[in-house]
Structures are given as structure tokens and as C-alpha cells.
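The chain contents come next:
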Amino acid sequence: MAVLNEEQSMLRDAAKSWTQEKSPVTAFRKMRDSGIEIGYDGKAWNEMAEMGWAGVIIPEEYGGSAFGYLSIGLILEEMGRTLTASPLIASGVGAASALVLGGSDTQKSEWLPKIADGSVVGALAVDEGAHHAPEKVALAATKSDAGYSLSGTKSFVIEGLAASLLVVSARTSGQPGDKDGITLFLVPADAKGVSRKRLALADSRGAANITFDKVEVGADAVLGAVDKGWDVLEKTLDRVRAALAAEMLGAANQAFETTLDYLKVRVQFGQVIGSFQALQHRAAKMFTDLELARSAVEAALQAIDADSPDVPELVSLSKAKMGDVFHLVSNEMVQMHGGIGMTDAHDAGFYLKRARAAEAAFGSQSYHRDRYARINGY
Amino acid sequence: MADFGGGDPEAFRKEVREWVDANFPAELKSRPNPMMREERAEPSEAQEAWRKAVGSKGWGTPTWPSQYGGGGLGTAEARIIQQEFGRAGAYNPIGGMGVMMFGPTLLEYGTEDQKLEHMPLICRGDVQWCQGFSEPGAGSDLAALQTRAEDKGDHFLINGQKIWTSGAQYADWCFCLVRTDTSKKHEGISFVLFSMHQPGVEVRPIKLIAGNSPFCETFFTDVLAEKKNLVGPLNGGWSIAKRLLQHERGGLSGAGGGGMGGRSLVDLAREYVGVDAQGRIADPDLRTRVVHHEIEGRSFQQTAVRVMLESKGNSGPSAATSIMKNAGTSWMQLRQELTLEIMGHQGLGWEGDTFKPEELGAVRGWLGGKAFTIYGGSQEVQSNIISKRILGLPDLTQNN
């Protein structure tokens, strides 16, 4: 655990006690069983917003607290432990970062206070295929009388069903795969021509495919510069990836601790199974990997707070390492629990499903290993 | 850093720089540290002069107390000495087991007389130490050791055999674990010191798979250790040994890039494997494994930084400390395997001018590196320690 300042310690403690008391895994189970379409409990989200969590990276002049990314990572780590579902990453990190990094004063004034108080949920509509590939933008934005007309589809938009504000990457010139020619737009989700299809995913979290059919927006909907949206998009994505890695860190640690508890109580052959060296050494390996992953995740968040030039490589490092570790731990959780881990009544399946969804979101391990190598020139 | 106690770090740096310029023999500039060579030659006049100069200042052991021959300095000053030596192309001539393991342990457990007798000799580099721990029947299960020390009034008489004794052929003294009570296991072990230059000490170097002989078999027949050289209480040697092994493990995990020296895997791959039109390592399977390994190394380095910062924070020592030996040594071994693979046939040479020194070094390093996960507590023993002490799982070995 990074060395924290007083305000960060308080934030972490508040997040820990709130998630443990108000949002344990049973709350996630209840949400899933209820079939809520948006994929999270709206009342719980209101409580989070009241505690100021949605505004942690938003400047104070726009209603936030500007505590920074390590701070929101601490909250997300606690939320990850109990698998708390919320639009905090999509809105409080994704949409908020895009606006902070690329928004005009007018856009910031209009949207950031509402994101900070939770009344507006934002989401990033970025990907268009089965794999994260933010430069492969085909969705077209063409000049129109009012400004621009958007046509195309976005897939796997995290919290896309709940969102009232979409940050959409669109092509204003060039070809899919070009980084030049991408422009970001702020599109209200209720705009004419926007249609959303809810995705029911294995991890029960909220996501949607979104079709844009000649959606008319004004020129003032452009976030940042026309054709030059890549820079803000990539920086925004790095902030989302680092935040997601923090959530994964919490979830993986809880999956490990739950498993460790089980190893200490499950008796077979007349002794607790945790006394078997075959399991002990696998536990020691997981602990080792979790500690390495924690270092990587915290370093990425700290680099963002310091606006360090190595943010892209540190973020890819952390998402790749964290993905590998969560993958391992979630599999071992099921295996070490044996039959009980296969039942829906047990939590192990939740962690396994969340692991794969989080691994794939905003770039899998192979995506980020490739990116890390390219950044370093090989 | 508060180490200067109000003093001026730049003034100290100037003092060190001037002293190094005045005392470091030019002919040794950028030469390797003779302490690091396994096959030791007679030291040259310049090497001896440099050792004596640094030793008499206590700057080879800068943070040790000055009354025992150390520099009596803080860590910030020690860092400046290290930096200034590096700037001048100078090595630290004071080192070995005495500095790395025995000295810190004696500081903690020794009597005043023992410290005054032994530590100044270590600080001056006058005495080299070896570690008499492992035995043929006591490796990972170290407490099974059987070398006997018989009480003869004012001294002990020692009989038995040690193995894997690093540098025993060059050592003047031995810190040794001996059995003083055969009725108990851990509580029957004592920690004694004796001279290697006496009748009954026989040292046989062991040739290893890499072709070198860094370790010895060491035989003791009626070897004498004076009672004043018992460290800690009689039969109380085990806890001292455990503490000493922590110093050893701390020194063995220095991986994560800098520790290995040499060129990066990426540089080697560019040369031996080539790159594609986009500048990527041409073999995509190898590239993937190199990235994996680079990421692992970075996260290890980040953990080393985190452990250091956390230990200075207010929450006590980090649990992450326990992972460093396993994580660091497996990383280094994988690096050696990848280096060999990248070099292809050129990475299989044993000797001869068909191969560059870098290539021959890679082969010997790869073989020698297999020991990393065996000595200083094997990978498996380290995993036992993590599962017992950190994770609270039941211990069936009763060994750690």
C-alpha cells in the first residue's frame, strides 16, 4: 500500500466502511438477481455521489474535490473487493477526464458539476468491434448545416445504458486505424437517432451497443480540436485503464483472501487443506504476484497525478500485470474451493466473471503488452 | 534526510571527491573489483594501498559505528561516497561475507569485546570471513546440522563437515553453526567464531556446472574455538542464524534490471534476432516473452521502491518484503534463459575465440544462476515462509 496522506487515508477508510456495510457482495448478488437493466443500484450510486466520489478527479471550481487519481483508485480498490457495481469509472473517471483534459470552459461548466454530483452519468463510446482498438474508428461525423451528423455504431459501451451523456469518438477524416482524423463529440444519450441495445454480460454489469443514425449535433459538441481527438482520447483511456486496474486490484485481493480463509477451514484427510504444501506454494505465488501488481497499479496512478511523461507505459504495464494476476487468482479461487466454487450460491463465480470482463475492457493483457513494447521501441 | 544533522551535503561531497582524487590509484580506474573475482590473485601494490586507504577511513562500511572501525555516517552520506567512488571509476575494496552478513549480525548480537575485536578488522578488509552453515545432510533443513562442538572448559573442540562454504579457500575466519546439544534440534545449536588458519581445517573447492569453484567442502577435525568467541547464548544460535539469513536474502534479491548488468534483452534481440518493418523484434513469440519479462522486471523494481518507502512510513515493515527473494531470483533466471535463447548458437559457447566475451559470460551466467533459487533459502523454503508467516497457513515442516 502506497504511503498515503491524511486525506487519502480518510477517503480509503470511508470507502472501506461504506462498501463493507452498505455494499457487500450480497448487495451485488441482489442487484444481479433483480435484473436491473442498467447494471447497478441507483440508490447506492446516489450515496456514493453524496460522499463526493464522482468528483474526486474534478477541479473544485466545477464542484469536485480534485483529490486525484491515486485517491479515486483507493475508492475503486475497496469497491472492487465487494464487486460494487457503479458508473464511477465510466462517469467519474472516463467522461470526467475527457472533459477536464479536452473540454472548453463552457463544456466544463455545463457538464462537470453534474457529473460530480452524480446527476449526470457519462460514458465513453469508443470501441466498435470485439476487441479494444480505439484508433479503429469508422463511425462517421460529417459536416451538416447545424454542425455535424454522426452515423455508425459503438459496441460494449460500459454503462452505455445508464448514461445520459456520451463521449463519442468519430471519424472526421482518414481511415479506420488512423490516429489522425478522430474527433470527440459530446452527445446527449437522448438525442434523436441514438438507439441503445442492452448487453446482458456474464459479469452482470451495465453495457450497451449504441447505434447512431444521422444524429445531429452542433459544432459546440466537439470536445477538443477537430481531427485531433486522439491525444485527449488516449489520455482519457489511460486514466480509465489505471482506475479499472485499481478496481481489479481490490477484487483480486479479496478473491485471494476469501480463498485463503477457505484453505484454513476446509478439512480433508483429517487436516485443513491449507496445510498441504501443494496449495501453500500456489498461495505464496499468488501473494507474490498480488504484491507486484499492487506496485504497478499504484505507480501508474501516481504517475497520472504527477502528469509524468511515462504515464502510457506505466498504465499499460499495470493493466497487463493486473490482468494476468486477476486471471490467475480468479481461476485458483474456483479450483481451490472445489465443488462449492462451481455453485452459483458461492461468490467465486462472481470474481471469475468480473475478472474476464475487466481484463477485456479497455485493452486486454496482449493489447497492453504490445503497446508497452511499442512505446519502448520494440 | 536528516543524516547530516545540519551539516552540508555539498561540503561533504567535496570532501569525498578531493579525498578520492588524492588517494585512488589511477591504474585501478574502472578496473573490476578484485573482491568480485572468484579466482583471486595476489593483490597488487595499488590494490593494497586503496584497500588500506578506504579501510582506515571506515568508508568501506560507512554506516557502521566509528568506534568499531566504521564510518559512523548516515545513509545519505554513504550514498554520496558511493556516487563519488562511481564518478571516479573506483570500487569499494571492503566487502565479502564479513561486511554483508557477519558484521551486521555481530553488531546486533555480539558483546562489546567481540565487536571491538572483530569489526575493525572487517572494516579495514584485513580479515575475510566465510559462513559455516550448510552440511551434506542439512541444506533446506538447516537445523538438522550435526557438526559437533564439545565443551573443553575454556574452548570448544569442533568436529564435522560443512559444504557450500563460499570463499572458504580465501577465508581467514569462519562464523559457524555447531551443535552443542544433541537432545534438541533448533535449541541445540550455537553460533561460534574461529580461525581458518589452524590445524584440522581442510578446504576442498567444489567445481560447479559453470566450470568455476565458488564454494568449498570444509572439514573440521579437532578445530578449536575459544569460549570468548561464542556469539549469543549457548544453544541460542538458531535465532542469530535466522537473522543473518535475512541479511543474506536482502542481498540476494537485487534484481530488476540494474542488478544483472549487461545489455538489455531488447538490445540483444535487435542484434541477434533482428527487427521487422515496424521495428518490432522479428520473432513475435520471443517478443511477447521479452515484453512479459520486461513488465515483470519493472513491477519488481516498483515493488522495491514501494517497500523502501513503506518502511520509512508509519505502518511498519511491508509484507511485500517477503516476496523479494523469490520474485527477484526467478526474474534473473528467466533473463538468463532468454539471453541464451536470443543468442542462439552463439549463446552456447564454452570457450574459444569464436565467441565474444559477452556470449561466453551469458553461458556461464546461465549455469551459475541456477543456484539463485537454491541458496540463501531455496524457492520452496521461501514459499514455506510466506505461507506460514504472512498467510498464516499451518506449518508442517517446523523448520522456519
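Residues numbered from 1 in each chain as written. Chains lettered and ligands numbered in written order. Predicted model: local features only at pLDDT ≥ 70, side-chain atom pairs only at ≥ 80, totals over all residues. Heavy atoms only, no water.

Thoughts on the interface of chain B and chain A
At the junction of the two partners, chain B supplies 39 residues and chain A supplies 40 residues. Carbon and sulfur atoms supply 60% of the area buried between chain B and chain A, which totals about 3,200 Å² over both sides. Here chain B and chain A share four salt bridges between them. With a closest N to O distance of 2.9 Å, Asp 370 of chain A and Arg 287 of chain B form a salt bridge. At the level of secondary structure, the elements contributing two or more residues to the side of chain B that touches chain A comprise helix H7 (265-272), helix H8 (284-312) and helix H11 (379-390) of chain B. Its residues assigned to classes, the side of chain B that touches chain A comprises 17 nonpolar, 13 polar and nine charged. (Contact = heavy atoms within 4.5 Å. Buried area = accessible area lost by both parts, 1.4 Å probe. Salt bridge = Lys/Arg side-chain N within 4 Å of Asp/Glu carboxyl O. Helix = DSSP H or I, 4+ residues; strand = E, 2+ residues; numbered from the N terminus. Nonpolar A, V, L, I, M, F, W, Y, C, P; charged D, E, K, R; others polar.)

Points about the domain arrangement of chain A
Residue and element names in this part refer to chain A. By domain assignment, chain A separates into domain 1 (6-120), domain 2 (123-227) and domain 3 (231-375). Centre-to-centre, using C-alpha coordinates, domain 1 lies 23 Å away from domain 2. Contacts between the two partners involve 24 residues from domain 1 and, on the opposite side, 20 residues from domain 2. Buried area between domain 1 and domain 2, both sides added, is near 1,600 Å², and the carbon and sulfur share of it is 64%. Remark: the boundary between domain 1 and domain 2 carries zero salt bridges. Joining domain 1 to domain 2, the criterion identifies four residue pairs in polar contact (both at pLDDT 80 or more). Of all the elements in the fold, those that place two or more residues in the side of domain 1 that touches domain 2 are helix H2 (25-34), helix H5 (88-102) and helix H6 (105-116). The dominant element in the side of domain 1 that touches domain 2, judged by the number of residues it contributes, is H5, at six residues. Here the residues of the side of domain 1 that touches domain 2 are counted per class, giving 15 nonpolar, seven polar and two charged. (Domains from an automatic or database assignment. Polar contact = N/O pair within 3.5 Å; in protein donor to acceptor, adjacent residues only side chain to side chain.)

Describing the nonpolar core
If you look at the biggest cluster of nonpolar residues, it comprises 154 residues, and the most contacted ones within it are Leu 150, Leu 166, Phe 185, Val 187, Phe 212, Phe 256 and Met 322 of chain A. The element that contributes the greatest number of residues to this core is helix H7 (residues 230-265) of chain A, accounting for 19 residues. Trp 59, Leu 145, Phe 175 and Leu 245 of chain B belong to the second largest nonpolar core, which has 48 residues in total. (Core = buried A, V, L, I, M, F, W, Y, C linked by side-chain atoms within 4.5 Å. Buried < 20%, exposed > 50% of the residue type's maximum accessible area, 1.4 Å probe, protein only.)

Things to note about helix H11 (residues 365-375) of chain A
Helical geometry: 3.6 residues make up each α-helical turn, so side chains three or four residues apart lie on a common side. When H11 of chain A is considered as a whole, its buried residues turn out to be Gln 365, His 368, Arg 369, Arg 371, Tyr 372 and Ala 373 of chain A. Positive backbone phi, at 80°, marks Gly 377 of chain A, one or two positions downstream of H11 of chain A.

Digging into the domain arrangement of chain B
Residue and element names in this part refer to chain B. In terms of domain boundaries, chain B breaks down into domain 1 (9-94), domain 2 (129-237) and domain 3 (253-390). Taking the mean C-alpha position of each, domain 2 and domain 3 sit 33 Å from one another. Contact residues are listed per partner, giving five residues for domain 2 and seven residues for domain 3. Around 450 Å² of area is buried between domain 2 and domain 3 when both sides are counted, 70% of it from carbon and sulfur atoms. Per-residue buried area on domain 2 facing domain 3 is highest for Ser 140, Ile 209 and Ala 210; these three make up 81% of the total on that side. Connecting domain 2 to domain 3 are zero salt bridges. Partitioned by chemical class, the residues of the side of domain 2 that touches domain 3 number three nonpolar, two polar and no charged.

Describing the packing of aromatic side chains
Residues and elements named next belong to chain B. As enumerated under the stated definition, the model contains 19 aromatic pairs over all chains in all. Ring geometry for Phe 133 versus Phe 191: centroids 6.4 Å apart, planes at 85°, classification edge-to-face. Placement of the pair is Phe 133 in the loop between strand E1 (129-132) and strand E2 (148-151) and Phe 191 in strand E5 (residues 189-195), with a sequence separation of 58 residues. The burial state of Phe 133 is the same as that of Phe 191; both residues are buried. Three or more aromatic residues joined by ring pairs make a cluster, and in this case those are Phe 12, Trp 19, Phe 24, Trp 50, Trp 59 and Phe 85. The ring of Trp 59 carries the charged tip of Lys 57 above its face, separated from the ring centre by 4.6 Å. Positioned over the ring face of Trp 350 is Arg 364, at 3.7 Å from the centre of the ring. (Phe/Tyr/Trp six-rings, centres within 6.5 Å; stacked < 30°, edge-to-face > 60°. Lys NZ or Arg CZ within 6 Å of the ring centre and 35° of its normal.)

Some words on the packing of helix H1 (residues 9-23) of chain B against helix H3 (residues 75-87) of chain B
All names here are of chain B. For the pair H1 and H3, the least separation of the axes is 9 Å and the interaxial angle reads 40°. One finds that H1 runs oblique with respect to H3. Where H1 crosses over H3, the handedness of that crossing is right-handed. Residues Pro 9, Phe 12, Arg 13, Val 16, Arg 17, Val 20 and Asp 21 of H1 pack against Glu 77, Ile 80, Ile 81, Gln 83, Glu 84, Phe 85 and Arg 87 of H3. Classifying every residue of the contact of H1 with H3 by side-chain character gives seven nonpolar, one polar and six charged. (Axes fitted to C-alpha atoms, helices over the stretch in contact; angles between N-to-C directions. Parallel < 35°, antiparallel > 145°, perpendicular 65-115°, else oblique. Left-handed = near helix turned anticlockwise from the far one by under 90°.)

Structural notes on the packing of helix H4 (residues 69-81) of chain A against helix H8 (residues 277-305) of chain A
Residues and elements named next belong to chain A. Where H4 meets H8, the axes come as close as 8 Å, and the angle between the chain directions of the two elements is 145°. From H4, Tyr 69, Leu 70, Gly 73 and Glu 77 reach across to H8, where they touch Arg 294, Glu 298, Leu 301, Gln 302, Ile 304 and Asp 305. A breakdown of the residues in the contact of H4 with H8 according to their chemical character gives four nonpolar, two polar and four charged.

Description of the side chain of Ser 299 of chain B
As for its position among the elements, Ser 299 of chain B is in helix H8. Since its relative accessible area comes to 0%, Ser 299 of chain B is described here as buried. Discounting chain neighbours no more than four positions away, the residues touching Ser 299 of chain B are Leu 292, Ser 295, Ala 296 and Lys 321 of chain A.

So, a nonpolar patch on the surface
Residues Val 3 of chain A together with Val 305, Met 308 and Leu 309 of chain B make up a contiguous nonpolar surface patch of about 340 Å² in total accessible area. Considering the arrangement of structural elements, one finds Met 308 of chain B in helix H8. (Patch = residues over 30% accessible without salt bridge, like charges linked within 9 Å, V, L, I, M, F, W, Y side chains within 5 Å. Areas by Shrake-Rupley, 256 points an atom, 1.4 Å probe, with all protein chains shown as cover.)

A look at unusual backbone geometry
Residues and elements named next belong to chain A. Non-glycine residue Ser 204 carries a positive phi angle of around 65°. With respect to the helices, strands and loops of the structure, Ser 204 is situated in the loop between strand E6 (194-198) and strand E7 (207-218). In this structure, Phe 269 is a non-glycine residue whose phi angle is positive, near 55°. You can see Phe 269 is positioned in the loop between strand E9 (267-268) and strand E10 (271-272). You can call Phe 269 exposed: its relative accessible area is 76%.

With respect to H11 of chain B
Residues and elements named next belong to chain B. Along its twelve residues, H11 runs 16 Å from first to last C-alpha, staying within 8% of the 16 Å computed at 1.5 Å per residue. Among the residues making up H11, those that are buried are Val 381, Gln 382, Ser 383, Asn 384, Ile 385, Ile 386 and Ser 387. Among the residues trailing H11, Gly 392 stands out with phi positive, at a value near 70°. (Expected span 1.5 Å × (residues − 1).)

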